[in-house]
Amino acid sequence: MNWIGIFQTSDLSMISNEKIRIDYTFREFFSNFMDMINFTLLPVSLKKLSAILFIVFISCCYNTQAQNNLAQQHFDFTMEDTLFKNPYVDIDEWRDEPVRHRYVHGGFKGNDTRFSFYFPPKEQYEGRFYQYITPFPDSEHILQKSGKYDVIKFSAKSGAYAVETNGGGGITPGLPGKKKDPTIGAYRANAASAQFSRIVAAEIYGAHRTYGYAFGGSGGAYRTIGGIENTEGVWDGVVPFVPGSPVAIPNVFSVRMHAMRILKDKFPQIVDALEPGGSGNMYEGLNIEERRALLEVTRMGFPPESWYAHESMGIHGFLVLYQGMVMADKKYFEHDFWNVPGYLGANPTESLLKARIQKVSRIKKGIPIDQAVNMGLKEPVAPSERGTADMAWKSIGGEEGTRPVAFQLEDQLPDIQFLGGDLIIKSGEAAGKTLQITKIKDDKVVLGPVDPKVLIKIQPGDTVKVDNSNFLAAQTYHRHQDPGKEYPVWDQFRDPQGKPIYPQRPALLGPSFTKSASGVLPSGEINGKVMVLSSLWDREAFPWQADWYRSQVEEHLGDSTGNYFRLWYTDHATHGEPTTPKDLTHTVSYHGVLQQALRDVSAWVEKGMAPPATTSYKIKNGQVIVPQTAEERKGIQPVVEVKANGSERAEIKVGESVTFTATVEVPPNAGEVVDVEWDFEGNGTFPVEGEFVSDAKPASRIKLKTKHTFSKPGTYFPALRATSQRQGNAETPFTRIQNLGRVRVVVK
């Protein structure tokens, strides 16, 4: 008999506020129990009452947390930072997505800090938390809205609850000199929330020692490092990933944009030279200016292989840094660059003059976001991009409502490569103001981050000037920012005596930008275990910068560095995640490495289990070079070697087949190969599962052999993607470490 159906939902109103979940297993148990005691002899009214009482009784055992709702409860919480002395909880509820967890939301009275905690059921909890730190202060709802990095699910699976905050709220990144104390967003809001989470965890699970670990990428790496260096007893360990250095901004972007402007027509041949089976000489066929630009950006640390994405990489985070850079050094942009000897603009090359635009026109109409997207002028910000290491900058200056995100002008604009510039308002109510523009197309200009108060003053008919002079000046700013001998990538701009060959600006902007993110400059004086992750193809945070931080830690800890610090480099990985077919056949995700690092730092702290060794590498002319074999390279990533007919390059006729052989090897103590996938056509789907030569699967070293027939002429770059996992578990979605091997096949 269906005993659940004999009472209505309204009969359970007395317990609905406790958010009791009656799942299928409980329903079945309840029905069987009622049948067993033969309640069919009782009147229906008594059956209803008995059912309600039974559910209330069972819920005490089944979901005891529901009886202790924390919303509006008073907490005894003290810490030295008195700004965060009054915490509160305003939401305490059970949720089933992405996994079963108890969600607690709140903040601190008297300031704008907000937090979200995601507690797994008691039977999954092992006494730790993982705290995600965004690239800049953002929302405390990133993890639940974007699902990026699978933090909630991964944490629960790892015996941890997840923590995130809004970093204090309302802080604009990349603008040195802001009045709000940068240490709030850098680490104080995160630290206070982490400490309070321990109080909440004790309320939920009972008194216990709660271990804490933080991780963040890009700007979040700055903030993660700022936290472990400037607090004690908050985090036991941290995992900063894809980190920069105090001189990263704006220099990594300026030198890259300089190369993008000069080499725009030569990238196809540069990329071809670097691809498997290419000549290996990326300078071949370049003129003097082009060779110098490519050499300059390479010696600064840009990984040459990463130029494969030259068509789509754009200017990245410089979009939100540009205005702060101009504000910080107006004299450079308004006078010195174009007038003072020693600056490129004072003696401009022909290519620089051709790239410059100074066009006067009038506003015809504004273009809102929906129209701009339909015209191909803008892309909407996907929820999954918010708060991520690679794309967090895109959500700054949100595009809501009907305000213009672009303007149509009365005149056509020249067809030139345009990386960015300014729209100078010459007449009307907004005269004298300047708006940043990111793109020009035909008679349209696309706006960057803007002040809405200025935007609403601009009307059709207003005279404007499209001018990219300042943006061009920014592209060689790094030449005038010598940070000292501890940064050898600037040696190319020094004479034999070590003195700068270019005039220097009165202040270094890099440290100011860094302090706006981390509150203080990184010193290497860590208060816990630190595992740094860097990507060898990172075009936003050049790989040598992770080594710079390693040297800072080593200066502080000396011979004991290995007891507290690891640095793992991930080959074929960039600053973000592969998304396009071209990305997927050139690069891999570093998420598995990040997840394994979090588990390893936990075991290091809690059980004394030292993680695998730091990656072995050397640095030459700004480039991080790793050994070819897994045993020599160390770290945790598998090494993949692929051959086509025994070589990096095979040339065949249509209808002929190629024999592919491969070796995949995992570094010592780093796990076993659990998956291998072939993509012969280069479409990014990896549809063919690799066949092992031997039956040993999984194993730490495997060999593969297969054949493929090509039916159409063309140049192909077949790729093998290999995955390893520490326990040899091929089924788990977590801690899967990837790498690629590629070859060239020319079909005639």
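Scroll up for the structure.
The structure presented is a predicted model; accordingly, all values stated were derived computationally and were not measured.

### Regarding the sheet that holds strand β27 (residues 744-747)
Turning to step 1, where the next piece is worked out: With mixed pairing, the three strands of this open sheet are ordered in space as β19-β27-β24. Lying at the two open borders of the sheet, with one neighbouring strand each, are β19 (649-652) and β24 (714-716). Each adjacent strand pair in this sheet contributes to an overall mean axis angle of 15°, direction not counted.
Turning to step 2, where the next piece is worked out: The pairing of β24 with β27 spans three bridges and is antiparallel. By the bridge assignment, G714 is partnered in β27 with V747.

### As for the nonpolar core
Turning to step 1, where the next piece is worked out: If you look at the biggest cluster of nonpolar residues, it comprises 103 residues, and the most contacted ones within it are F119, F196, W235, L294, W307 and F318.
Turning to step 2, where the next piece is worked out: At ten residues, helix α6 (residues 182-205) tops the list of elements feeding residues into this core.
Turning to step 3, where the next piece is worked out: In contact with F196, not counting residues within four places along its chain, are F75, F77, P87, V89, F108, F115 and F117.
Turning to step 4, where the next piece is worked out: Grouped together as the second largest cluster of nonpolar side chains are 55 residues, Y118, L143, F241 and A670 included.

### What to know about helix α20 (residues 591-607)
Turning to step 1, where the next piece is worked out: If you check α20, its first and last C-alpha atoms are 24 Å apart, about what 17 residues at 1.5 Å a residue would give, namely 24 Å.
Turning to step 2, where the next piece is worked out: Most of α20 sits inside the fold, with 13 of its 17 residues counted as buried.
Turning to step 3, where the next piece is worked out: Following α20 by one or two positions, G608 adopts a phi angle in the positive range, close to 75°.

### Looking at the packing of aromatic side chains
Turning to step 1, where the next piece is worked out: Under the defined criterion, the tally for this structure stands at 45 aromatic pairs.
Turning to step 2, where the next piece is worked out: Residues Y132 and F215 carry aromatic rings whose centres are separated by 5.3 Å and whose planes lie at 40° to one another, so their mutual orientation is tilted. On the criterion of sequence distance, the pair formed by Y132 in strand β4 (residues 128-132) and F215 in strand β6 (residues 211-217) is long-range, its members being 83 residues apart.
Turning to step 3, where the next piece is worked out: The class of F215 is buried, set by a relative accessible area of 2%.
Turning to step 4, where the next piece is worked out: A cation sits over an aromatic face here: K529 above Y564, 4.8 Å from the ring centre.
Turning to step 5, where the next piece is worked out: One Lys or Arg, R721, reaches over the ring of F686 and ends 4.1 Å from the middle of that ring.

How each quantity is defined
Residues numbered from 1 in each chain as written. Predicted model: local features only at pLDDT ≥ 70, side-chain atom pairs only at ≥ 80, totals over all residues. Heavy atoms only, no water. Pairing = 2+ DSSP bridges. Helix = DSSP H or I, 4+ residues; strand = E, 2+ residues; numbered from the N terminus. Axes fitted to C-alpha atoms, helices over the stretch in contact; angles between N-to-C directions. Core = buried A, V, L, I, M, F, W, Y, C linked by side-chain atoms within 4.5 Å. Buried < 20%, exposed > 50% of the residue type's maximum accessible area, 1.4 Å probe, protein only. Contact = heavy atoms within 4.5 Å. Expected span 1.5 Å × (residues − 1). Phe/Tyr/Trp six-rings, centres within 6.5 Å; stacked < 30°, edge-to-face > 60°. Lys NZ or Arg CZ within 6 Å of the ring centre and 35° of its normal.

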